[in-house]
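Residue strings, one per chain:
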Amino acid sequence: MESNIIFGSKGFTSLIKQLKEDQYSSIFILTDTNTNANCLDRFLKKTNLNNYKVLTMNAGEENKNLITCENLWNELSDLGADRNSLLINLGGGVVTDLGGFVACTFKRGIDFYNIPTTLLSMVDASVGGKTGIDLGPLKNQIGIVQEPKFILIDSKWLETLPQDEIRSGFAEMLKHGLIYEPKYWKELKFIKSTSEESLIPYIKPSIQIKSNVVSEDPKEKGLRKILNFGHTLGHAIESHFLTHTTKNKLLHGEAIAIGMVLEAYLSTQLVGLTHEEAKDIKDTFARFYPHVDFTSEEINGILELLRHDKKNKAGRINFVLLKSIGSPVIDIQVPQELFLKAFEFYKNI
Ligand SMILES: NC(=O)c1ccc[n+]([C@@H]2O[C@H](COP(=O)([O-])OP(=O)(O)OC[C@H]3O[C@@H](n4cnc5c(N)ncnc54)[C@H](O)[C@@H]3O)[C@@H](O)[C@H]2O)c1
């Protein structure tokens, strides 16, 4: 099922129309503690819904797990949800990933709509149908690919989103330029600030890039893998920081930003990205993202987590690398000794 993606505050009219057409037996709205406080009132005002129930999960990646799912399945069950119920996910990537998974599995699947409220979930997580949860420290190990029935992208939500969360989403926009559209990369890298006003005009083109890639390869047989640029090492870094409480947590986009710099270096060694382009990538990320120091123990922990990446096949770790900006290559294996050199390249930012 292809999703219906509607843009802007006027999209609420389409949402109301869609709800009328769909005639659900009951409507559930999933928020997390922050979107409950910051977004729910506006959502209810804009939709004029009066027959609904709100479910709320604790905010944060550490809650994107089976325990939260079990609580929500129980709540849905206790509140009388049936196969003709709807779940509306109002939140960031954690809510849309987990809510999508809860909906896809409850009574073998009920409809869900995504109303992304973070930049990251607008340009990436809510589009493309990947739902899922983490398994211990391993990111997105359990999940289902299923498109939401309706997606409403409204940048108004960004008004209450903290600046570091905006910067986190910006990393995925930069990635879209790197893997698909050099012109878009150039425009974004010269952007003056990552304030929400400066980024709003670039949201739609980013979603367009993601949608183009996904619609050509919904099941990730080939082309869709390019969206994983920066994510193989980035996910391992994110997982490592999630489980090591002595260190500040890294947001998804912050981890992916480091992953892209590391994988740019690997690209120079294995598929011909020029050193100038790799330096351009490194300098651009250094301009927007704080530097993180890794001890050798941490690097070893990260490399250990790499082995569990979902994209590994028959024990081999496959990377998406860049031949040049805008030209990715998939399924590249990386010799072990290059990882440490990649961290050296990142260190000398
Ligand atoms: N399914 C996919 O294709 C895909 C793609 C990329 C990322 N992801 C997943 O997305 C997740 C990250 O998404 P995220 O960065 O949106 O994280 P998130 O959902 O944790 O949101 C970030 C923080 O912002 C808060 N928040 C959300 N909207 C707000 C608003 N409007 N005002 C104030 N606070 C608000 C949230 O409560 C949370 O504390 C990760 O789990 C990642 O794996 C999925």
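Presented here is a report on the structure given in the accompanying data block. (Residues numbered from 1 in each chain as written. Predicted model: local features only at pLDDT ≥ 70, side-chain atom pairs only at ≥ 80, totals over all residues. Heavy atoms only, no water.)

This brings us to the environment of Thr243. Assignment of secondary structure puts Thr243 in helix H10 (residues 231–243). Separated by 3.0 Å, the side chain of Thr243 and the backbone oxygen of Ser239 make a polar contact. A distance of 3.2 Å separates the side chain of Thr243 from the backbone oxygen of His240, its partner in a polar contact. (Helix = DSSP H or I, 4+ residues; strand = E, 2+ residues; numbered from the N terminus. Polar contact = N/O pair within 3.5 Å; in protein donor to acceptor, adjacent residues only side chain to side chain.)

What follows concerns the site of the ligand. Close to the ligand lie 26 residues, the nearest being Asp32, Glu61, Thr118, Lys139 and Thr160. Within the side chain of Lys64, one N or O atom sits 2.7 Å away from an oxygen atom of the ligand. A distance of 2.6 Å is found between an oxygen atom of the ligand and a side-chain nitrogen or oxygen belonging to Thr118. Of all the secondary-structure elements, those providing two or more residues to the shell around the ligand are helix H2 (33–38), helix H5 (93–105), helix H6 (119–125) and strand E7 (138–145). (Near = heavy atom within 4 Å.)

Further remarks concern the side chain of Lys175. Checked against the element boundaries, Lys175 lands in helix H7 (residues 163–180). According to the relative accessible area criterion, Lys175 is buried, its value standing at 1%. Among the polar contacts made by the side chain of Lys175, one reaches the main-chain carbonyl oxygen of Leu227 at a distance of 2.7 Å. Ignoring sequence-local partners within four residues, the contact set of Lys175 consists of Asp124, Leu227, Phe229, His231 and Met260. (Buried < 20%, exposed > 50% of the residue type's maximum accessible area, 1.4 Å probe, protein only. Contact = heavy atoms within 4.5 Å.)

What follows covers the pairing of strand E9 (residues 318–324). A large share of E9 lies buried, amounting to five of its seven residues. The hairpin turn running from E9 into strand E10 (residues 327–333), its antiparallel successor, is two residues long, and Gly326 in that turn takes a positive phi close to 95°. (Pairing = 2+ DSSP bridges.)

Tracing the chain through its elements places Ile207 in helix H9 (residues 196–216). In the structure, Ile207 is positioned 203 residues away from Asn4 in sequence and 13 Å away in space, judged by C-alpha atoms. In this view, Ile207 contacts Ile5, Phe7, Met122, Val123, Val127 and Ile153; residues no more than four positions away in its chain are not counted.

Here we come to the packing of H7 against helix H11 (residues 252–270). Closest axis-to-axis distance for the H7/H11 pair is 7 Å, and the angle between their directions is 35°. Considering how the two elements wind past one another, H7 and H11 form a crossing that is left-handed. Mapping the contact onto sequence places Asp164, Arg167, Ser168, Ala171, Glu172, Lys175 and Leu178 in H7 and His252, Gly253, Glu254, Ile256, Ala257 and Met260 in H11. Split by residue class, the contact of H7 with H11 holds five nonpolar, three polar and five charged. (Axes fitted to C-alpha atoms, helices over the stretch in contact; angles between N-to-C directions. Left-handed = near helix turned anticlockwise from the far one by under 90°. Nonpolar A, V, L, I, M, F, W, Y, C, P; charged D, E, K, R; others polar.)

To continue, consider the side chain of Thr47. Within the secondary structure layout, Thr47 lies in helix H3 (residues 40–47). A polar atom in the side chain of Thr47 sits 2.7 Å from the backbone oxygen of Phe43. Sequence-distant contacts of Thr47, defined by excluding residues within four places in its chain, comprise Phe12, Leu15 and Ile16.

A few words now on the state of the cysteines. Summed over the entire model, instances satisfying the criterion amount to zero disulfides. For the unlinked cysteine Cys104, the closest cysteine sulfur is that of Cys69, found at 11 Å. In this structure Cys104 comes out as buried when scored by relative accessible area, which is 11%. (Disulfide = S-S within 2.5 Å.)

The subject of this paragraph is the environment of Pro290. The topology assignment puts Pro290 in the loop between helix H12 (275–288) and helix H13 (296–306). Residue Pro290 is classed as partly exposed on the basis of its relative accessible area, which comes to 47%. In the structure, Pro290 is positioned 31 residues away from Leu321 in sequence and 23 Å away in space, judged by C-alpha atoms. The contact partners of Pro290, leaving out residues within four places of it in the chain, are Arg167 and Tyr346.

As a further point, take unusual backbone geometry. Glycine aside, a negative phi is what most residues show, and trans is what most peptide bonds show. Located in the positive-phi region is Asn48, a residue other than glycine, with phi close to 60°. Turning to its location among the elements, Asn48 is positioned in the loop between H3 and strand E3 (53–57). Overall, the relative accessible area of 63% leaves Asn48 in the exposed class. Residues other than glycine seldom take positive phi values, yet Asp331 does so here, at roughly 60°. With respect to the element layout, Asp331 can be found in strand E10.

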